[in-house]
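# Working through the structure, step by step
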Amino acid sequence: MNNTTPFFAGFHRLLFGRAQRSAQDQLRAQARALEQATLCQLGKVCAPWVPARLLKPTESGDHSRQRFFPKGLTFWAFLSQVLSPESPCRETVRKVQAWYAARRLPRPGSGTAAYCNARSRLSRDTLLDIHRHTAVESQRRVTREQLWCGRRVKVVDGTGVSMPDTPRNQKAFPQPSNQKKGCGFPVAKLVGSFCLASGALLDWAEGTQHVHERKLFRKLFPTFLAGDVALTDRGFCSYVDIALLLCRGVDTVMRLHQARPSDLRHGKRLGPNDRLVTWQKPKQRPRGCTLTDWHRVPNTLTLRLVYVSVNVPGWRTQSLVVVTTLTDPIAYPAADLAKLYLRRWAVELFFRDIKITLGMDVLRCQTPAMVRKEIVMHAIAYNLIRALMQQAAALY
């Protein structure tokens, strides 16, 4: 975005008109602006975060022939449809017709079959490459002032999305077992990793309702880099996962699992409500942990327990215990750790933005392959909006 943003007049007034506009209001306003944009405007605004080389026609195979829906135009049309949750395929085809009319070129027909076929030919690998580029760019633009104690924090949580009740969707993503057959919808479970500073969705793992979130969390381990801090809820707090992340040079800040003792009278005292404790390796290998990973897990872990009191005006005071591998009380004061964990709630808002504001709560595609592409397109749309907000905040 720059001073000549090719949007309708008053864009910046819409986005930053109120002094105290919330982040969700800004995201909703940005999404509404992109929804109203033509395909040409959408491409111009978002092009800096979408490499043109990934949208070039291929030499052979899908999108190699000259069609009414080439690879690049199909991508921007699909993105426009994702940004307009209530928009049917027919409305998207009208946008494509307008794109051709503006160039005085022959227009495609009003039928949706050609567009749907072109959309199905889009490679999911290409879409994932575009998403990874948006994630890397968002992280690259994070300033040092936005880091926590000089560290990059990645916040993790899980959610679920439903989709049309088709036989193929039911087979790939079975409905919850507590619903009678024929009375529910297929549900996909997602565990996502977000950049806490920029809010960008960095990566996610997909599964069914019958797969535990910790198993999906382990699929995200390769995306964590040495020096990162993983911030999670207590559902992800396990000895093995903490140890495996520590082997990668990744520290963790988690709420203590309810099955773990939270007695702060034991261990080495570091300060008020701040203790060093030693955990023992489980006697049995947990399900989902490979034998190779099990041998890498040390026999003991020295961890830090911090007692956190949550005081919100108008609400009952709550207490919780945070467990972390950041054991240095000088470099990482207990008060800073408490404030960091309270920021974990941001991931709930990130998922709300994607599912409610951008409409990913209920997907619309009829096959598992297209459902997975639709998830990637929602991730791209969300990251593009976050990138525009990030750049606008830096400029203004």
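Residues numbered from 1 in each chain as written. Predicted model: local features only at pLDDT ≥ 70, side-chain atom pairs only at ≥ 80, totals over all residues. Heavy atoms only, no water.

### Re the overall build of the protein
Selection criterion: Helix and strand assignments come from DSSP, with helices taken as H or I runs of at least 4 residues and strands as E runs of at least 2, each series counted from the N terminus. Contacts: residue pairs with any heavy atoms within 4.5 Å of one another.
Looking only at helices and strands, one finds 14 helices and nine strands in the protein. Considering only contacts in the protein between residues 6 or more positions apart, those separated by 24 or more positions represent 65%.

### Comments concerning the side chain of arginine 386
Looking at where arginine 386 falls in the secondary structure, it is placed in helix H14 (residues 368–395). The contacts of arginine 386, once residues within four sequence positions are left out, are Leu27, Ser198, Gly199, Phe350 and Asp353.

### Let's talk about the nonpolar core
Threshold: Among buried residues, the Ala, Val, Leu, Ile, Met, Phe, Trp, Tyr and Cys ones that are joined through side-chain atoms within 4.5 Å form a nonpolar core. Throughout this description, buried means an accessible area under 20% of the type-specific maximum (1.4 Å probe, protein chains only), exposed means over 50%, and partly exposed covers the range between.
Counting residues in each nonpolar core, the largest one holds 78 residues, and the members touching the most others are Phe75, Leu79 and Phe194. Not counting residues up to four positions away in its chain, the partners in contact with leucine 79 are Leu42, Met377, Ala381 and Leu384. Residues Phe224, Met254, Leu301 and Leu305 belong to the second largest nonpolar core, which totals 31 residues.

### Let's talk about the packing of helix H4 (residues 71–83) against helix H6 (residues 113–121)
This is how the line gets drawn: Lines are fitted to the C-alpha atoms to define the axes, a helix being fitted only along its stretch in contact, and any angle between axes, read from their N-to-C directions, falls within 0 to 180 degrees. By the definition adopted for this analysis, an angle is roughly parallel if under 35 degrees, roughly antiparallel if over 145, roughly perpendicular if from 65 to 115, and oblique otherwise. Lys, Arg, Asp and Glu make up the charged group, whereas Ala, Val, Leu, Ile, Met, Phe, Trp, Tyr, Cys and Pro make up the nonpolar group; the residues left over, Gly among them, are polar.
For the pair H4 and H6, interaxial distance at closest approach is 10 Å and the crossing angle is 100°. On the basis of the axis angle, H4 is roughly perpendicular to H6. Every residue of H6 that contacts H4 at Thr74, Ala77, Phe78 and Gln81 is listed here: Tyr115, Ala118 and Arg119. Of the residues belonging to the contact of H4 with H6, the class tally is four nonpolar, two polar and one charged.

### A short note on the side chain of arginine 218
Along the chain, arginine 218 falls in helix H9 (residues 213–219). By relative accessible area, arginine 218 is classed as buried at 17%. The contact partners of arginine 218, leaving out residues within four places of it in the chain, are Asp241, Arg287, Gly288 and Cys289.

### Observations concerning the pairing of strand S3 (residues 201–208)
Just so we agree on the cut-off: DSSP bridges decide pairing: two strands pair if at least two such bridges lie between them.
For S3, a buried count of seven out of eight residues is recorded, marking the element as mostly surrounded by other parts of the structure. Two strands pair when backbone bridges link them, and strand S2 (residues 187–195) and S3 are joined in this way by seven bridges, in the antiparallel orientation. Its bridge partner lying in S3, alanine 188 is registered against threonine 208.

### Remarks on the packing of H4 against H14
Packing of H4 against H14 brings their axes to within 9 Å, and their N-to-C directions diverge by 80°. It follows that H4 is roughly perpendicular to H14 by the angle criterion. From H4, Phe75, Phe78, Leu79, Val82 and Leu83 reach across to H14, where they touch Met370, Glu374, Met377, His378, Ile380, Ala381, Leu384 and Ile385. When the residues that make up the contact of H4 with H14 are grouped by side-chain class, the tally is 11 nonpolar, one polar and one charged.

### Considering the sheet that holds strand S6 (residues 268–271)
Here nine strands make up an open sheet; going across it, the order is S3-S2-S1-S4-S5-S9-S8-S7-S6 and the pairing mixed. Only two strands of the sheet have a single partner each, and these edge strands are S3 and S6. On average, each strand axis in the sheet is inclined to that of its neighbour by 25°, with strand direction left out of account. Pairing of strand S5 (residues 251–255) with strand S9 (residues 318–324) involves three bridges; the strand directions are antiparallel. Within S9, the residue paired with valine 253 across the bridge is threonine 324. In this fold helix H10 (residues 239–247) packs onto strand S4 (229–232), S5, strand S7 (274–280) and strand S8 (300–310), with an angle of close to 110° to the strand it touches most, S8.

### Things to note about helix H13 (residues 346–357)
Within H13 the residues assigned to the buried category are Ala346, Val347, Phe350, Phe351, Asp353, Ile354, Lys355 and Thr357. Once H13 finishes, glycine 359 follows within two positions and takes phi at roughly 75°, a positive value.

### Concerning the packing of aromatic side chains
The following threshold applies: Pairing of aromatic rings covers Phe, Tyr and Trp, the last counted by its six-membered ring, and requires centre-to-centre distances within 6.5 Å; plane angles under 30 degrees mean stacked, over 60 mean edge-to-face, and any other angle means tilted.
If you walk through the whole model with that rule in mind, you get 11 aromatic pairs. Centroid distance phenylalanine 69 to tyrosine 115: 5.9 Å. Interplanar angle 50°. Geometry classified as tilted. With a gap of 46 residues between them, phenylalanine 69 in the loop between helix H3 (39–46) and H4 and tyrosine 115 in helix H6 connect regions that are remote in the sequence. For phenylalanine 69, a relative accessible area of 3% gives the class buried. Of the residues examined, tyrosine 115 reaches a relative accessible area of 0% and is grouped as buried. With a centroid separation of 6.2 Å and 90° between ring planes, the pair formed by phenylalanine 194 and tyrosine 382 is classed as edge-to-face. Of the two residues, phenylalanine 194 sits in strand S2 while tyrosine 382 sits in helix H14, which places them 188 residues apart along the sequence.

### Here we look at the environment of leucine 303
Here leucine 303 shows up in strand S8. When the C-alpha positions of leucine 303 and threonine 278 are compared, they lie 6.2 Å apart, and in sequence the two are 25 residues distant. In contact with leucine 303, not counting residues within four places along its chain, are Ile242, Arg275, Leu276, Val277, Trp279, Val323, Thr324, Thr325 and Thr327.

### Comments concerning unusual backbone geometry
Not every positive phi belongs to a glycine, and cysteine 149 is a case in point at roughly 50°. Mapped onto the secondary structure, cysteine 149 falls in the loop between helix H7 (124–140) and strand S1 (153–162). Of the residues examined, cysteine 149 reaches a relative accessible area of 37% and is grouped as partly exposed. In this model, asparagine 273 sits at a positive phi of 55°, which is unusual for a non-glycine residue.

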